[in-house]
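Residue-level structure breakdown
Here's the letter readout for the chains.
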Amino acid sequence: MLEPTATATVLTTIRDHEPLSRAEIAYRARLSPSVVSTVTRSLIERGVVQEVGTERAAMGRPSILLRVRPEFAYFVGLSLDGVRVTGTLVDLGGAVLADADERLRDRAPASVVDACASLTARLLDRPEAAIDPASVASIGIALSGLVDAADGTCIQSTVMGWDDVPIGPMLERRLERPVVAANDADAVAVGERLYGTATGFDDVAVLSIGQGIGAGIVASGRLFQGTHGAAGELGHCTIELDGPPCRCGKRGCLEAIASVPALMERARARGVDAPDMEALEAEAATGDPVATEELERAGSAIGLALSHLVNLFSPALLIVTGSGTKLGPVLRSAAHERYVQNVIPMLPSPPELRFRHEDGAVWARGAAAFATESFLVKGGVMDDR
């Protein structure tokens, strides 16, 4: 019998670069052609993978191209922001079939599990979903804070007010489906890697900026989480010595300087009554010195943090997402300038830096991607279905 790791490697290789020929799969996955042939034959027989045409070769027979069948499995992604739970239903190819959200009654773990169960049932009952609920292979949940993905425990979340809450196992018992829990920034990074602008990149870092700040790091094609899932807490790295207090208890953290609440609070304290980031950028565009100064301070802090990320991990691509928040030209320009100034000079060129605006559902889509990635990497298709 083939090892599940061989099946998972072949499947993730196809999923990341589809459509692919068997020869390309063997080359990318660093497996022998005989192993790839055996694995792909099994995957086709089980309906996980399908043939989608041929590719002409310079010599010899045309190569048959393979791709993952999106309808083989479905995944639910759930995200918590302290106020509501947002959910999405996707297929194995990443297509979104349904979205919904539900307000939390309170943040008690039992109440949150109730809300997640209710929302999941609503997603599967949506007419546009039109799937058999039994085909949901896994469920992901993402939240801000320190999350140990190995056992699904939220070690600490200031947003939820949780300490050592086994949210993954609690949901798994209630929903009777495999559940994976993740830090929300990690989930977004996996989502960008599987379905977004980082597709095809094996080394990428994604910085998510919203109510808080966090980074997800993908190294050699896999999410890097470190011990207890604590990797990527860039928002709590000190950027300004003796800077403003942070909710984590330290001072001068990136989050205390450049998160949306921190930035808006400073601007209001200095007399700029802008309701959101777009309005603050508009004030800066009219020449308001306070708006400009505060946006440049936040952008500069972000750029410096990004340079540290590059100097430590050397990704091929950096993505900065404004999750539910549009990052405007003043902040972006300041971030890019400081980033380029502080990346280690011996690099031939700084890794590409991309800014993206995401809606609030990005966390739930990331959670669904995290569940998909877990299903693929752990060789879930080896189980009888």
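Use the structure listed above.
This section reports on the structure supplied with the text.

Definitions and limits used
Residues numbered from 1 in each chain as written. Predicted model: local features only at pLDDT ≥ 70, side-chain atom pairs only at ≥ 80, totals over all residues. Heavy atoms only, no water. Helix = DSSP H or I, 4+ residues; strand = E, 2+ residues; numbered from the N terminus. Buried < 20%, exposed > 50% of the residue type's maximum accessible area, 1.4 Å probe, protein only. Pairing = 2+ DSSP bridges. Axes fitted to C-alpha atoms, helices over the stretch in contact; angles between N-to-C directions. Salt bridge = Lys/Arg side-chain N within 4 Å of Asp/Glu carboxyl O. Phe/Tyr/Trp six-rings, centres within 6.5 Å; stacked < 30°, edge-to-face > 60°. Contact = heavy atoms within 4.5 Å. Patch = residues over 30% accessible without salt bridge, like charges linked within 9 Å, V, L, I, M, F, W, Y side chains within 5 Å. Areas by Shrake-Rupley, 256 points an atom, 1.4 Å probe, with all protein chains shown as cover. Polar contact = N/O pair within 3.5 Å; in protein donor to acceptor, adjacent residues only side chain to side chain.

By the element assignment, Leu 11 lies in helix α1 (residues 4-17). Classification of Leu 11 as buried rests on a relative accessible area of 0%. C-alpha of Leu 11 to C-alpha of Val 377: the two residues are 366 residues apart in sequence and 8.4 Å apart in space.

On to the sheet that holds strand β13 (residues 213-219), then. In spatial order, the strands read β14-β13-β12-β15-β16; together these 5 strands make up an open sheet with mixed pairing. One side of each edge strand has no neighbouring strand; the edge strands of this open sheet are β14 (222-224) and β16 (352-358). Here the strands of the sheet are splayed against their neighbours by 25 degrees on average, with no regard to which way each runs. Sheet topology note: the β13/β14 ladder contains 3 bridges and is antiparallel.

Here the focus is the pattern of salt bridges. Scanning all chains against the criterion turns up 14 salt bridges. Linking Arg 84 and Asp 81 is a salt bridge whose minimum nitrogen-to-oxygen distance equals 3.4 Å. A salt bridge links Arg 266 to Glu 294; the nearest nitrogen and oxygen atoms lie 2.7 Å apart. Of this pair, Arg 266 sits in helix α8 (residues 260-269) while Glu 294 sits in helix α10 (residues 289-313), and the two are 28 residues apart along the sequence. As far as the burial class goes, Arg 266 and Glu 294 line up, both buried. Linked through salt bridges whose partners overlap, the residues forming this network are Arg 266, Arg 270, Glu 293 and Glu 294.

What follows deals with unusual backbone geometry. With phi around 60 degrees, Arg 30 is a residue other than glycine that occupies positive phi space. Within the secondary structure, Arg 30 sits in the loop between α2 (22-29) and α3 (33-45). Of note, the phi angle at Asp 242 is positive, near 60 degrees, even though the residue is not glycine. Here Asp 242 is to be found in the loop between β14 and α7 (254-258).

Evaluation of the coordinates by the stated rule reveals 2 aromatic pairs. Pairing Phe 75 with Phe 375 gives two aromatic rings, centres 5.3 Å apart and planes at 65 degrees, and the pair type is edge-to-face. Taken together, the positions of Phe 75 in strand β4 (residues 74-80) and Phe 375 in helix α12 (residues 362-377) put the pair 300 residues apart, joining distant regions of the chain. The class of Phe 375 is buried, set by a relative accessible area of 9%. Judged by centre distance (5.7 Å) and plane angle (55 degrees), the ring pair of Phe 224 and Phe 313 falls under tilted. Here the residue Phe 224 occupies a position in strand β14, and Phe 313 occupies one in helix α10, the gap between them amounting to 89 residues.

Residue placement: Ser 300 occurs in helix α10. Classification of Ser 300 by relative accessible area gives buried; the value is 18%. Filtering out sequence-adjacent residues up to four positions away, Ser 300 remains in contact with Ala 334, Ala 335 and Arg 338.

A few words now on a nonpolar patch on the surface. Taken together, the side chains of Phe 224, Leu 312 and Phe 313 define a hydrophobic patch exposed on the protein surface, amounting to about 310 Å² of accessible area. Following the sequence through the fold, Leu 312 ends up in helix α10.

Residue position: Asp 91 is located in strand β5 (residues 84-91). With relative accessibility at 11%, the residue Asp 91 sits in the buried group. From its side chain, Asp 91 meets the backbone nitrogen of Gly 93 in a polar contact 2.9 Å long. Not counting chain neighbours up to four residues away, the residues in contact with Asp 91 comprise Pro 70, Ala 73, Tyr 74, Phe 75, Leu 97 and Tyr 195.

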